[in-house]
Each structure stands twice: as C-alpha cells, then as structure tokens.
Amino acid sequence: MQTSVPSLLGDEAMVQALADTFRILGDPTRVRIVDALAEGQRCVHEISDQIGISESAVSHQLRLMRSMRIVRGRREGRCVYYTLDDQHVLDLFQQGLRHVSEDRR
C-alpha cells in the first residue's frame, strides 16, 4: 500500500531539491558513510577507519552531506560527532537497500 504524497509537477524547486538529495546519496563513498552512521553517531576518525578512506576525504564528503541536510554534527571538545539528520534519511537508505537486495524475478 502506498501512502499519498503531493505531486511535484508544478513545483520546480521541490523537483530540484529531491533530485539533489538523490544525487548526494548516489555516490558510493557517501553510501558507505550513511551505512556507518545508520549504526549510530561516529566521529570522522571512526568513519574513516570503518570505510577505509582518509579523514580528509571523509570530512569533505560530510561537508557536502551536511549542506544537503543528510547528516548533522555535534561538537564535543575537539571532535565532531556526526549522525544522520533525521529518520527520513535512514528510511531512504533502508528502502533503497531493501530494493537492491530483493530477488529479481
């Protein structure tokens, strides 16, 4: 059963915002970051270790993701802890994962 959502046909700004969200989530490195954050908050060092890329590269991706409200940060001393911005981001990720994981008929 599908839930009703408004049509975007007449709202170019919403169409662009939705396309931008999917564009940001369409990068393999950012998918790995979302996967890491789906388990809970992480600092840049932890994300870097978990996905196997440099802290500089992780920070760059997080900056892009923060600007699109995919993630948010919380400073604690010298460390910034990142988490997914809200439940909608996790839902998008989990729905996409279920979609690609299901058996193709």
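Residues numbered from 1 in each chain as written. Predicted model: local features only at pLDDT ≥ 70, side-chain atom pairs only at ≥ 80, totals over all residues. Heavy atoms only, no water.

## Here we look at the sheet that holds strand β1 (residues 42–43)
Next, step 1: Overall, antiparallel pairing links the 3 strands, which are arranged β1-β3-β2 in an open sheet. Bordering the open sheet on either side are β1 and β2 (71–76), each of which pairs with just one other strand.
Next, step 2: Summarising the sheet, β1 and strand β3 (residues 79–84) pair through 2 bridges and their orientation is antiparallel. Across the sheet, R42 pairs through a bridge with Y82, a residue of β3. (Pairing = 2+ DSSP bridges. Helix = DSSP H or I, 4+ residues; strand = E, 2+ residues; numbered from the N terminus.)

## Observations concerning the nonpolar core
In globular proteins that are soluble, nonpolar side chains generally tend to be buried together.
Next, step 1: Judged by nonpolar contacts, the single largest core of 20 residues is most densely connected at L37, L62, I70 and V71.
Next, step 2: Of all elements in the fold, only α1 (12–25), α2 (28–38), α3 (44–51), α4 (55–67), β3 and α5 (87–101) reach the threshold of two or more residues within this core.
Next, step 3: For this core, the element with the highest residue contribution is α2, accounting for 4 residues.
Next, step 4: Apart from the residues lying within four places of it in its own chain, the contact partners of L37 are R42, I47, L62, V71, Y82, T83 and L84. (Core = buried A, V, L, I, M, F, W, Y, C linked by side-chain atoms within 4.5 Å. Buried < 20%, exposed > 50% of the residue type's maximum accessible area, 1.4 Å probe, protein only. Contact = heavy atoms within 4.5 Å.)

## Observations concerning a nonpolar patch on the surface
Next, step 1: On the surface, L18, F22 and L92 cluster together into a nonpolar patch covering about 270 Å² of accessible area.
Next, step 2: Relative to the assigned elements, L18 resides in helix α1. (Patch = residues over 30% accessible without salt bridge, like charges linked within 9 Å, V, L, I, M, F, W, Y side chains within 5 Å. Areas by Shrake-Rupley, 256 points an atom, 1.4 Å probe, with all protein chains shown as cover. Salt bridge = Lys/Arg side-chain N within 4 Å of Asp/Glu carboxyl O.)

Just geometry here; none of it tells us what the structure is for.
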